[in-house]
Amino acid sequence: MLHPDATDLDGSPRNTVQLVMTNTVKSPHFLSKKLQWLMFLRVIFTTVLLGSTIIFQLTDQHSLITPPLLLIYFLIAFVYLVTFTYIVIYKRRGANIGLAYVQICLDTFIVTLLIYVTGGTFSAFSFLYLIVTVYASILLYKKDSFVMAALCSLQYALLLFLEYYGVLQPVYVDGTIQPNLDLTLVTYRIVATTIACFLIAFLSSHLAQLTVITENELKAKQKDLQNLEAFNASIVQSMDSGLLTLDVTGAITSFNSAAESITGFDRHEVIGQTLAAVFPEAARYYVQAIESPPKKPYRQDINFTKKDGSAGYLGFSLSSLRAPDGKAIGHLLIFQDLTALKIMESHIKRVEMLAAVGEMAAGMAHEIKNPLTSMTGSIQMLEKEITATDVTAKLMNIVLREANRLNGLINDFLLFARPSSGKANPVDLAEILEETLDLFEADAACRDRLTVVRQLTPRIWTRMDLKHMRQILLNLLRNAAQAIDGKGKIDVTLKRDNGRAEIIIEDDGRGMSEETQKNIFDPFFTTRS
C-alpha cells in the first residue's frame, strides 16, 4: 500500500511515497494482551472439555476410569501443565513472538492428539484446527499464519492416512467399534480441512492486519488531538489578556493564567462559579447579552475589585461561543487590566492642565507685574518728592506693602504652574526632616495643639532640591494639621524599603473621602471653604 507524504521537514511539499509493509508490526502491548487472552481461553476450553466428558460418562452410567478416558484426563492435565509453564515464562520474560510461536505449534499437536483419542476420522473436534489458525493469524504475521495452516493440514492428513492404513488405531471413548474407512471419505475430509485452514488463515490474517492498521491510525489521531489540545491550551495560558469561558448556564468553565494574575483568584476558586462572583459589573452586561445577543463582540470598561480588595479598572469584550452547527454553547470573555493606563491618562490630563495654566500664568504675570512695578516706582518717587504727613506716609506704606504681597502671590503662582527644575544635591533626609519638623512645631497651627511623633532612620542620603523638598514636607504637615479638629497626633516615619527611601506622614484626623483622593492632585482643588 502506498501513501504520499504531505510535506518535508522544511514545510515544502515532497513527491516521495512511503511503503507500508504487508506484515504490520504488532506492538508489545498488543501481543501481551492477546497472549493473556489466549492462555485464559485455553484454560476455559480445557475445563469445559473435562467437565463435559465427566457429565457425558455419568449420564450414560459408564465408568470414569476406562483407558480411553484416562488418555483424555492425561491430555487435559498436560494442557494445564503447559499453560502454567507459559504463565511462568510470560511473567519472567514478558510477551515475545517466540512464546507465541511455541504455544501455537504445541496447540496444533494437542488438537491432533485430542482428535486421535476422540475417534480420529470421525472426531467432532477437527474444527479446532480452524480456531488455532484464527488466533495464529491474530498473533503472528500473515506468512506465519499460513505456516500454521499448513502444519494443521499436514498433521490431520498424516493422522487420517495412518489410521486408514491401519498403522494407528483410533480410540473411542464410548467403546464403539471402528467403522471401515473409505479412501474417498478420508481424502474429502483432508481436502476440506486443508482448504478451510488456508481460507481461514487468509481471511483472518487480512482482518487482523486491518485491525492493527486501524488501531495504529486511531492512536496516531489521538496523539495528534492531544498535541493540538496541548498547543491550544498553551496559547490560552500564554496570553497576556485574561480569558474565561461560560457555559449556557452562566458557570465559569475555564480561567487562564493572565486572568488569575489580574483578579488574584485561583482558577480552582472560580471554576463552576457565576460571573458575578468575579466581576459583578460585567455580569450586568452578560445578562444583557443573553437577553439581546449582539451580532459581533463589543467592548466595555468597568470598575472591579480584586480578591485582595484593591480597586482597578477593567476593559473587556464579550462574544458568543457556538458549535459547528451554530448552536450556542456559551460565552467568551477576554479582558485586560486598564488600571495603570487610566492612571497614566489621568496624569497626562493633569500635565496638560498644568501646561495650560502655565501658559496663562505667564501672560497674567506679565500683564500684572508691569503695572505693579509702575505703581511701586511711582509711590517711591512721590515719597521722595513730597513732604508726606503721617497719614499720607501710612497710606503709601500700605500701598507698597500690598503691592509687594501681590507680587509675591504672583511669583508663588508661577512657581506652582511652572515649577523650576531645581538643583539636585546630596542631602541627609533625616536632617531635613528634623529641621522641617522643628519649624513646623514652632508654627501656631501646631504649637500647644498637636503632638509630632518622630521615627527617623539616620543616614539615609539621596539627591534632590532642598528648597522643593522642604516646601513639600511643610505642605503635607499643614494639610495634616488642618485635617485634625482640636488636639491630635502626627506620626512621621523615615525608613529604607527595598533600596528606596520612604517618608510616611500620618495623622489621626478625619481623613479623605474616595472622591477627594481622586482629585487631590488637581490644580486649585481644595475642600476648605
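See above for the structure.
A. Main features of helix 5 (residues 142-164). Here helix 5 contains 23 residues, and its C-alpha end-to-end distance of 33 Å stays within 8% of the 33 Å for a straight helix at 1.5 Å per residue. Within helix 5, the full set of buried residues consists of D144, S145, M148, A149, C152, S153, Q155, Y156, A157, L159, L160 and E163. Considering only its buried residues, helix 5 is in contact with helix 3 (97-117), helix 4 (128-139) and helix 6 (183-238).

B. Focus on helix 4. The terminal C-alpha atoms of helix 4 lie 17 Å apart, and with 12 residues this matches the ideal 16 Å at 1.5 Å per residue to within 8%. Taken together, the buried positions of helix 4 are occupied by L128, Y129, V132, T133, Y135, A136, S137 and L139.

C. Focus on the packing of helix 5 against helix 6. Two numbers describe how helix 5 lies on helix 6: the axes approach to 9 Å, and their chain directions differ by 170 degrees. With respect to each other, helix 5 and helix 6 are oriented roughly antiparallel. Residues K142, S145, F146, A149, A150, C152, S153, Y156, A157, L160, F161 and Y164 of helix 5 form the contact with helix 6, whose own contacting residues are L183, V186, R189, I190, T193, T194, C197, F198, A201, F202 and S205.

D. Region of interest: the pattern of salt bridges. The full count for this structure, using the stated rule, is 13 salt bridges. R267 serves as the salt-bridge partner of E260, at 3.7 Å between the closest nitrogen and oxygen. Relative accessible area serves as the criterion here: at 18%, E260 is assigned to the buried category. For the salt bridge of K489 with D491, the shortest nitrogen-to-oxygen distance reads 3.8 Å. The class of K489 is partly exposed, set by a relative accessible area of 37%.

So, how was this worked out
Residues numbered from 1 in each chain as written. Predicted model: local features only at pLDDT ≥ 70, side-chain atom pairs only at ≥ 80, totals over all residues. Heavy atoms only, no water. Helix = DSSP H or I, 4+ residues; strand = E, 2+ residues; numbered from the N terminus. Expected span 1.5 Å × (residues − 1). Buried < 20%, exposed > 50% of the residue type's maximum accessible area, 1.4 Å probe, protein only. Contact = heavy atoms within 4.5 Å. Axes fitted to C-alpha atoms, helices over the stretch in contact; angles between N-to-C directions. Parallel < 35°, antiparallel > 145°, perpendicular 65-115°, else oblique. Salt bridge = Lys/Arg side-chain N within 4 Å of Asp/Glu carboxyl O.

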